[in-house]
Amino acid sequence: MAPAHHSLSFCSQGKFWHTMGFTEHGKQCLLPEEALYLLECGSVQLFYRDLPLSIQEAYETLLSQGTVSLPQYQVFSHLKRLGYIVLRFCPSAVPSQYERQLNLDSYCKSSGKRHHKRKRSSSPWLQGKKAKASGNPPESEGTPEKASDSCGGPSHPASEGSCLSEKSKESDPASGEGESAQVPTDAVQLGKLPSCPQSQAGDYGKAAGDSCSGTHLPRWDFTRIAFPNMASDCPHTFLPQPDERLLPENVAGREADATRWRKLVNQKREKLSRKEREQRERESRYKSSVNADREVRRCSNWQEYKELLKQRSQRRAGRRPSHLWDQPVTPLVKPYQVASAAAVLQQISVLQPSHILDGASRLQEDMEGMKIDFSVYQADAVANFKKNNPGKPYARMCVRRFDEQIPSLRAVKQLTYQSEDVPVVFALVDNGDIAFYSFKEFKLPVDVYH
Amino acid sequence: MIQIHVLEGAALVWSAEDAREIRERFRLVGTLVGALTRKPRQNARLGLPLQLLPEEARLLAELGAAVLVRRTETQPPAEGEELTQASLVEAYQRELEESYQEQQRLAGAERGALLAQLAERIAQGRARRREQRGEMPDTVEDSGLLDSPFVLPRGSMMVQLPTARWRPGRVEQVDWTSPSADWPHAGRPAHEARYRVFRELWGRGYYLSGGSKFGGDFLVYPGDPLRFHAHYIALCCPPEAPLPLHALVAATRLGTSVKKTLLLCSPGAGGALAFTSLQWSGLQ
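This write-up is about the structure you can find in this document. (Residues numbered from 1 in each chain as written. Chains lettered and ligands numbered in written order. Predicted model: local features only at pLDDT ≥ 70, side-chain atom pairs only at ≥ 80, totals over all residues. Heavy atoms only, no water.)

Looking at the environment of Q72 of chain A
Topologically, Q72 of chain A is positioned in helix 3 (residues 70-82). Non-local contacts of Q72 of chain A, meaning those with residues more than four positions away in its chain, are made with T67, K371, D373, F374 and V399 of chain A. (Helix = DSSP H or I, 4+ residues; strand = E, 2+ residues; numbered from the N terminus. Contact = heavy atoms within 4.5 Å.)

Below is the structure:
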């Protein structure tokens, strides 16, 4: 048997390899808690120095503070006996919410597959005595590999697609027939025009940023790009020849005069259906379009419009009745501020709703020694379970003794943040008795329905 | 002498006889935490080892009925030990071979008996198949089936997985009066307070078990837990510690809703323990 926290196993049969164990240096190994569980079930026999281990000896040899403690093993075996698939938790393998928003997690797992079989030995969190990963965990190792791939050449569909879209934007001005296309004039200063995939990959994924050595200067210097206003009030109709650097090699750019096109715009009369006409007529009685306001039309950009709004609100404020606003007690709300009774109640509410993850991202790392120990996967997923790509777990376990301190709100927030959108369950072990506790969200009932 | 094996502060009993004696003779319950050998993949009934509360282990040690031991660190075998190691391996291999031979013999005998039972049907089936194929019946081959030597494949051999240590290994005693890495409870005020309450209630003839399921320190049974429900939830209150009213109300409500009486225990005046029981009379 190898050092204290591995078990070498030479039988490759057995259905348990489907959900347990890992491969290191070409040999199939089991984690200590997995080996002990299988020994208790009678599925394997453990040998140490050619002698078989009894269960007592296996307990004493495999369970120690450095690897898995007795309460952790008790929770592990309890869940395994119920049929769940229990894996050790690896913090860096959790895709962040941003990555999931971009649908990056499914992409990187499926594309990195061809690397997984050959290249690296998984389960590197065994290297250290602590649960901290000393090497790169498999999933995050896949991400820099993918990024370096896309750095090398745009062979990945996603980055290729975005490259193409980028290139298509550049070629539009080249055609010169831009009816509505925005054309960078020759006053454009391009920052750097580095290889397209590199900066794309550099923006995606937090791990990728380290591996790509390119700088992250924006490609466009927006302070110097002026978009010509070709609307009817500002007759900028002459578009000069676009810059050579923007165009692909075979395409020649030429200047364009948009006067002819402008005359053709807005020729067709808008025909409204009867319903639309009636609706317009009804609305005109009380609604007025923002664009009909002359003062608004005078604003030429957002900044001026916001200034105008501020001035108007101040003017309105100046018309406040003094018997209401100059007293020591002033009204809580202004008439235009609220539209319902619920909004008024919101102003006087004592308890504000708060979510467990509020402010969690800003918390520092120190978690009072608490960490998530296991990820638990549903029992019915055994048929489709893949150790390299386990998917989203059902819950994450944090094993504690019953007589330890109750976790502070700070620790709970940090654990929940670490676990992203998978609920965290606390498994409390009291000398052999296990109980599971978790925090549940609920909304305080509000008396007003709106 | 009962041996209680200590593993990082947890007291485990690996011997079935010891576990039985602890329950029958000493009225200590403990919790079974291992897989049940007959049916390992279920959680309703568990098997050895028996995990004792620290208070239970200490009680047994104080009574002189048990000794706390732990495994000595295994060093790589020294010069003289290598011979013993080799002889142990040899002995094991020999036992394995003997077991294999016996299993083969038994399996062969069983197979022979089974074949003798079904001999007629086998012969009939054979004859029918020969008729279908149009061959001559061959009586010599029929009996050949019973005479072929039976070999039990090595992979189907049954092997025993012992629960407790089957070789008297090297163990050393743990001193339960002083705190150490293996037994950190000694000297802790929380443990001392709990132990006082435990000893007192045990001395009055009750059975006690862990009370975390009901928000207390111990559950107090009038008899064996397999035959009775708990009557009390014992909560140890250290002296001079504040007991907020909302905690008291919560504990009492919980106890009443599960039909148990809350028992507050704390050292009273004069060194004796004072017990206060709370029952919510309004909620039936």
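After that view of the structure, there is still more to cover.
Thoughts on helix 6 (residues 245-257) of chain B
All names here are of chain B. Under the 1.5 Å per step criterion, the end-to-end length of helix 6 is 18 Å for 13 residues, consistent within 8% with the ideal 18 Å. Looking only at helix 6, the buried set comprises A251, T252, G255 and T256. Each buried residue of helix 6 sits inside an arc of 130° when the element is viewed along its axis, so together they form one side. Every exposed residue of helix 6 that faces more than 90 degrees away from the buried side is listed here: H246 and S257. Of the surrounding secondary structure, the elements contacted by the buried residues of helix 6 are strand 9 (232-236), strand 10 (261-267) and strand 11 (273-278). (Expected span 1.5 Å × (residues − 1). Buried < 20%, exposed > 50% of the residue type's maximum accessible area, 1.4 Å probe, protein only. Arc of directions from axis to C-beta.)

Brief notes about the nonpolar core
Core analysis: the largest hydrophobic core is formed by 37 residues, its most contacted members being L36, L46, Y59 and Y73 of chain A. A per-element tally of this core places helix 1 (residues 32-41) of chain A first, with 6 residues. The contact partners of L36 of chain A, leaving out residues within four places of it in the chain, are A58, Y59, L62, L63 and Y73 of chain A. V13, L53, L201 and L263 of chain B belong to the second largest nonpolar core, which has 34 residues in total. (Core = buried A, V, L, I, M, F, W, Y, C linked by side-chain atoms within 4.5 Å.)

A few points about the sheet that holds strand 11 (residues 424-430) of chain A
What links the strands of a sheet is backbone hydrogen bonding, and the strands pair in either a parallel or an antiparallel sense. Residue and element names in this part refer to chain A. Ordered by their spatial adjacency, 5 strands build an open sheet running 6-9-10-11-12, and the pairing between neighbours is mixed. Taken across any chain shown, the strands that pair with only one partner, and hence form the sheet edges, are strand 6 (85-88) and strand 12 (433-438). Put simply, the sheet's adjacent strands are angled 30° from each other on average, direction ignored. Sheet topology places strand 11 next to strand 12; 6 bridges connect them, and they run antiparallel. Bridged to D430 within strand 12 is D433. (Pairing = 2+ DSSP bridges. Axes fitted to C-alpha atoms, helices over the stretch in contact; angles between N-to-C directions.)

Considering the sheet that holds strand 3 (residues 31-34) of chain B
Taken in spatial order, the 6 strands of this open sheet run 3-4-2-1-5-6 (chain B), and their pairing is mixed. Single-partner strands in this sheet number two, and they are strand 3 and strand 6 (171-173) of chain B. Averaged over neighbouring strand pairs, the angle between their axes works out to 45° when direction is ignored. Two strands pair when backbone bridges link them, and strand 1 (residues 2-7) of chain B and strand 5 (residues 66-71) of chain B are joined in this way by 4 bridges, in the parallel orientation. Each residue of the ladder has a partner; that of Q3 of chain B, found in strand 5 of chain B, is V67 of chain B. Taken strand by strand, helix 3 of chain A contacts strand 1, strand 2 (10-13), strand 3 and strand 4 (47-52) of chain B, and its axis lies near 75° from that of strand 3 of chain B. Sitting on the sheet, helix 2 (residues 54-63) of chain B is in contact with strand 1, strand 2, strand 4 and strand 5 of chain B, with an inclination near 80° to strand 4 of chain B.

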